[in-house]
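# Structure assessment
Single-letter residue listing:
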Amino acid sequence: MRSNYLFAALLSLAITPFLLTSPAASKPGYSHTGPTLISNVRIVDGLGNPVVEGRDILLSNGTIAAIGVTGSLSAPEGTLIIKGDGLTAMPGLMDLHIHTQGGWANGVIPGERYAPSYDDDDVQQRLNGYVYAGVTTVLDVGADHEWVVKTRDRINNGELFGPRHFTTGVAWSSAPSGWDAGNTSGGDWAASTIVADLADLPDQVARYKKDGIEILKAYAGIGTVGLQALVSEAEKQGLRVIGDLWMLNFNKQIAQTTGLHGWAHTGGFQVAPKEDHEWMAKNERFVIPTVVLGELLAAGRLADEDGSRAMLEEPLIIDIWGKDAVEEFYTVYAQIRDNYYDGRLAFYQLNNFGNLSRFRPNMQENTRLSIEAGVLVGCGTDDVYPGAWPGESTHREMQLMVKGGVPPLKAIKACTSDSAKILKRDTEFGSIQVGLSADILLVEGNPAANIDDTRNVREVFMRGKQVDRQSLKFAR
């Protein structure tokens, strides 16, 4: 869910300017790129299987080369040895609902820098947040089209340092939507693709496919006819469509009528009946719940903190953004609530969202019911909102799933192998198996027993390379 950029002026009212963040202390990168042996480590494989103790993992040539009982593997000369005593190896995390372009002062607060950023330093700081937290794959679900395609390519070819990047390109609608801000990147794409003349659809979809896009995003306002036509044409060209239809999210009837493949958000307005979840599972639909967004709408995290300002003690936030940015968020939070969420002229009130307090519990319950029914559930955060910190929010998403009744191993599975299944890449990455990409997160503790332990990040490997996490930190 994104607001119209025209609300920028409204949002900036009564919000104090804030200290801009600065880039990392040094150029982000890797500290070791050769083979690595992780010895005597606990494994959470991301497939939902029981934890395995006392294993060695050999990483070589970008993949998981071997897994064996501790002491059973031999390593080539020059191999980096990491002692895994007390550590858990789990797959790199995934966030399938991000916005690389920012738009909320790059994940901090709305204000002078509300407009989306095209600045490399701002983008790199968001990317640092993902990698630092162990998020090794992301799906960008909306930004200026030419910009986001080029940025995806720059990240994937190493010009910018960041997680493996996919994108839906700009969203589709049949009427002006939250993306209609005008194009400022210099390309000839509009800020949204309008389904106005069905005769144009084949060429429009083909252009997305030419840009290497595999999943399209339909946005609120597209209408049933437009969505049905878009899904039909996408399928003809081998693509899929996810939807963010606001009040209609996770509506079984819409999915039945249009053939929509998945939802960009689970339902927050109400808990869907059990049979709707069962229908989704039987008909192989998927959902990316974004419970973090529900928590932000419901003001749940700060209510849970009860004045403790716990985010100031969270390394996955502070090490990337610095304490000043977090202090500023707390300072203006009441204004953010009034200007965007709860006030008489707030965006969500003008769009009839009403009482927002129900969103977190409803999205938690819908997520639990989906997983219990066997729906393919992925992991996403919509982390452009104030208080949703790139990278850290993925850990928060898993915590919220578990708080809502999802077992820890299934929450981890949603944020690893099941997200890879949604991308149709689960034979390439997303779990700890021999032959797959060595995207591995080493954490202290056992997240299968305590989901909070995923936050205790000690090492991150992307494609077998050891990330220099120090190089990602905020420059003080």
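Our structure's up above, just so we're on the same page.
Cut-off values and rules
- Residues numbered from 1 in each chain as written.
- Predicted model: local features only at pLDDT ≥ 70, side-chain atom pairs only at ≥ 80, totals over all residues.
- Heavy atoms only, no water.
- Axes fitted to C-alpha atoms, helices over the stretch in contact; angles between N-to-C directions.
- Helix = DSSP H or I, 4+ residues; strand = E, 2+ residues; numbered from the N terminus.
- Parallel < 35°, antiparallel > 145°, perpendicular 65-115°, else oblique.
- Left-handed = near helix turned anticlockwise from the far one by under 90°.
- Contact = heavy atoms within 4.5 Å.
- Nonpolar A, V, L, I, M, F, W, Y, C, P; charged D, E, K, R; others polar.
- Pairing = 2+ DSSP bridges.
- Salt bridge = Lys/Arg side-chain N within 4 Å of Asp/Glu carboxyl O.
- Buried < 20%, exposed > 50% of the residue type's maximum accessible area, 1.4 Å probe, protein only.
- Phe/Tyr/Trp six-rings, centres within 6.5 Å; stacked < 30°, edge-to-face > 60°.
- Lys NZ or Arg CZ within 6 Å of the ring centre and 35° of its normal.
- Disulfide = S-S within 2.5 Å.
- Polar contact = N/O pair within 3.5 Å; in protein donor to acceptor, adjacent residues only side chain to side chain.

### Topic: the packing of helix 8 (residues 291-298) against helix 13 (residues 359-373)
- Running from amino to carboxyl end, helix 8 crosses helix 13 at an angle of 160°, the nearest separation of the two axes being 7 Å. What the angle tells us is that helix 8 and helix 13 run roughly antiparallel. As for how helix 8 packs across helix 13, the hand of that crossing is left-handed. Contacts between helix 8 and helix 13 involve Val291, Gly294, Glu295, Leu297 and Ala298 on the former and, on the latter, Phe359, Arg360, Met363, Gln364 and Thr367.
- Partitioning the contact of helix 8 with helix 13 into residue classes produces five nonpolar, three polar and two charged.

### Notes on the sheet that holds strand 9 (residues 164-167)
- Spatial ordering of the open sheet is given by 7-8-9, a layout of three strands whose pairing is parallel. In the strand order of this sheet, the two ends are held by strand 7 (93-98) and strand 9, each with one partner. The average undirected angle you get between the axes of adjacent strands in this sheet is 15°.
- In this sheet, strand 9 lies alongside strand 8 (residues 135-140) in parallel orientation, the contact comprising four bridges. Pairing of Asp140 across the sheet is with Thr167, part of strand 9.
- Running over the sheet, helix 14 (residues 392-403) touches strand 7 and strand 8 and is turned about 100° from strand 7.

### Remarks on the packing of helix 7 (residues 274-282) against helix 13
- Here helix 7 crosses helix 13 at 50°, and the two axes come no closer than 9 Å. Comparing the axis directions of helix 7 and helix 13 gives the class oblique. Where helix 7 crosses over helix 13, the two elements pack in a sense that is right-handed. Counting all contacts with helix 7, which are made through His277, Glu278 and Ala281, the residues of helix 13 involved are Asn366, Leu369, Ser370 and Ala373.

### Description of the pattern of salt bridges
- On inspection of all chains with the given rule, the structure shows 23 salt bridges.
- The salt bridge partner of Arg301 is Glu392, with a shortest N-O separation of 2.6 Å. A residue pair is termed long-range when its members are at least 10 positions apart, and Arg301 in helix 9 (residues 300-305) and Glu392 in helix 14 qualify at 91 residues.
- Among the salt bridges present, the one from Asp304 reaches Arg396, with a minimum N-O distance of 3.7 Å. Placement of Asp304 in helix 9 and of Arg396 in helix 14 is noted, with a sequence separation of 92 residues between them.

### Focus on helix 8
- A large share of helix 8 lies buried, amounting to eight of its eight residues.
- Every buried residue of helix 8 is listed here: Val291, Val292, Leu293, Gly294, Glu295, Leu296, Leu297 and Ala298.
- Where helix 8 is buried, its residues touch helix 9, helix 11 (323-342), helix 12 (347-350), helix 13 and helix 14.

### So, the packing of aromatic side chains
- Throughout the structure, instances matching the rule amount to 20 aromatic pairs.
- Both rings, one in Tyr348 and one in Phe353, keep their centres 4.7 Å apart while their planes meet at 70°; by these two values the pair is edge-to-face. The residues Tyr348 and Phe353 share a single accessibility class, namely buried.
- Between Phe353 and Phe359, the aromatic rings sit 6.0 Å apart at their centres with planes inclined by 20°, giving stacked as the arrangement.
- A residue is classified by how much of its surface remains accessible, and Phe359, at 0% relative accessible area, is buried.
- Every member of this aromatic cluster is reached through a ring pair, and the members are Tyr219, Trp246, Phe269, Tyr340, Tyr341, Phe347, Tyr348, Phe353, Phe359 and Tyr385.
- Lying across the ring of Phe429, Arg164 places its NZ or CZ 3.9 Å from the centre.
- Above the face of the Tyr132 ring, Arg469 is positioned so that its terminal group lies 3.8 Å from the ring centre.

### Quick word on the state of the cysteines
- Per the counting criterion, the structure on display carries one disulfide.
- Across the disulfide, Cys379 is cross-linked to Cys415 (sulfur-sulfur distance 2.2 Å). Residues Cys379 and Cys415 share a disulfide whose torsion about the S-S bond is about 65°; that sign makes it right-handed. With Cys379 in the loop between strand 16 (376-377) and helix 14 and Cys415 in the loop between helix 15 (408-414) and helix 16 (417-422), the pair connects residues that are 36 residues apart, well separated along the chain.

### Description of the environment of Trp172
- Positionally, Trp172 belongs in strand 10 (residues 172-173).
- The spatial distance from the C-alpha of Trp172 to the C-alpha of Ala218 is 4.7 Å, given a sequence separation of 46 residues.
- Among the polar contacts listed, one links the side chain of Trp172 to the side chain of Tyr208, at a separation of 3.3 Å.

### A closer look at unusual backbone geometry
- Unlike most non-glycine residues, Asn40 shows phi in positive territory, near 50°.
- Within the element layout of this structure, Asn40 appears in strand 2 (residues 36-43).
- Its identity as a non-glycine residue notwithstanding, Trp246 has a phi of 60°, on the positive side.
- Under the relative-accessibility criterion, Trp246 is labelled buried at 15%.

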